[in-house]
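These are the residues of each chain, in order.
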Amino acid sequence: MIGVAVLLDGLDGRIARMTNTVSDFGREMDSLADAITFGLAPAILAFAWGMHYVAIPAPFLEQHIQRVGYFVAFMFLLCGVARLARFNVQANPVPKNPGRPDRKYFVGLPIPAAALLVVAVINSANSDPIRSLMLSFAWMALLCLLAFLMVSTWRYYSFKDLNLLHPRSPLTIILFASLIYLIWFYSQPTLLALAVIYVGSGIVIRIGGVIRRLLRRSTPQAS
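What you see is a predicted model; the values in this text were computed from it and never measured.

Caption draft 1: Representation of the environment of Phe76. Within the secondary structure, Phe76 is located in helix α3 (residues 59-89). Those residues in contact with Phe76 that sit more than four places away from it in its chain are Phe38, Gly39, Pro42, Ala43, Ala114, Ala115, Val118, Leu143, Leu146, Ala147 and Met150.

Caption draft 2: How the structure looks around helix α1 (residues 2-18). With 17 residues, α1 extends 25 Å from end C-alpha to end C-alpha; this agrees with the ideal 24 Å at 1.5 Å per step. What α1 keeps buried is the set Ile2, Ala5, Val6, Asp9, Arg14 and Ala16. Trailing α1 by a residue or two, Asn20 shows a phi angle of about 60°, which is positive.

Caption draft 3: Region of interest: the packing of aromatic side chains. Inspection of the entire model under this criterion finds seven aromatic pairs. Taking the centre distance of 5.5 Å and the plane angle of 45° together, the rings of Tyr156 and Tyr198 count as tilted. Of this pair, Tyr156 sits in strand β2 (residues 155-157) while Tyr198 sits in helix α7 (residues 187-222); the two residues are 42 residues apart in sequence, bridging distant segments of the chain. Relative to Phe185, the ring of Tyr181 lies with its centre 4.7 Å away and its plane at 45°, an arrangement referred to as tilted. Note that Tyr181 and Phe185 are positioned in helix α6 (residues 170-185) at a spacing of four residues, about one turn of the helix. Judged by relative accessible area, Tyr181 falls into the partly exposed class, the value being 45%. Here Phe185 falls in the exposed class, since its relative accessible area comes to 52%. The positively charged end of Arg155 is found above the aromatic ring belonging to Tyr105, 4.9 Å away from the centroid.

Quick notes on the rules
- Residues numbered from 1 in each chain as written.
- Predicted model: local features only at pLDDT ≥ 70, side-chain atom pairs only at ≥ 80, totals over all residues.
- Heavy atoms only, no water.
- Helix = DSSP H or I, 4+ residues; strand = E, 2+ residues; numbered from the N terminus.
- Contact = heavy atoms within 4.5 Å.
- Expected span 1.5 Å × (residues − 1).
- Buried < 20%, exposed > 50% of the residue type's maximum accessible area, 1.4 Å probe, protein only.
- Phe/Tyr/Trp six-rings, centres within 6.5 Å; stacked < 30°, edge-to-face > 60°.
- Lys NZ or Arg CZ within 6 Å of the ring centre and 35° of its normal.

Keep in mind these values describe shape, not function.
This is the structure we're talking about:
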């Protein structure tokens with residue numbers, strides 16, 4: 001259901017703009033729905049799958065590890081809600097590493113993308129819960145990374161400049177048809193790869209920007 005909501009979330013804004021029915025009420029309602037669908041639901045799912053069934057070797061540590069799991073899941077929810085609030089109050093947000101002026105970007109990882117990665121990982125594991133303590137720690141580290149990316153000012157491509165009403169080349173049709181085929185018949189690896197690529201794109205772009213600035217600073221010194 002969260003995966004279906006990601007698809008619908010990508011359509012509601014486009015439909016509102018195409019039908020000229022954009023409003024402040026709709027924007028606030030969309031954020032409330034996103035907070036529940038992509039914040040609360042994935043946080044509960046992430047805790048139940050990755051922390052609740054872990055075999056604790058020492059009984060006295062069980063309570064403390066469970067509390068850490070609750071905290072990490074809550075931070076995912078809190079950062080996601082903060083990301084939505086920032087999106088609503090900023091008219092023209094500028095990412096810390098601005099890209100091309102002819103493209104539109106999100107400032108920070110969108111909460112639907114963070115929720116999609118959580119769902120894609122669980123789906124790829126056939127929903128079998130984590131029982132290893134080390135894997136649970138790795139899962140909590142991933143949730144902390146997603147929480148940080150949501151409240152960061154790193155650049156993520158928004159795809160809002162793609163107009164569905166304009167004519168498309170045959171290559172675009174082939175790519176879309178291939179993607180639908182892969183999602184239908186190989187949903188687990190395909191959805192996981194798409195989520196990892198998008199979430200990782202912001203990290204790669206940020207690291208590339210830092211390296212370029214360092215090279216610019218070193219070039220005048222060398223000359």
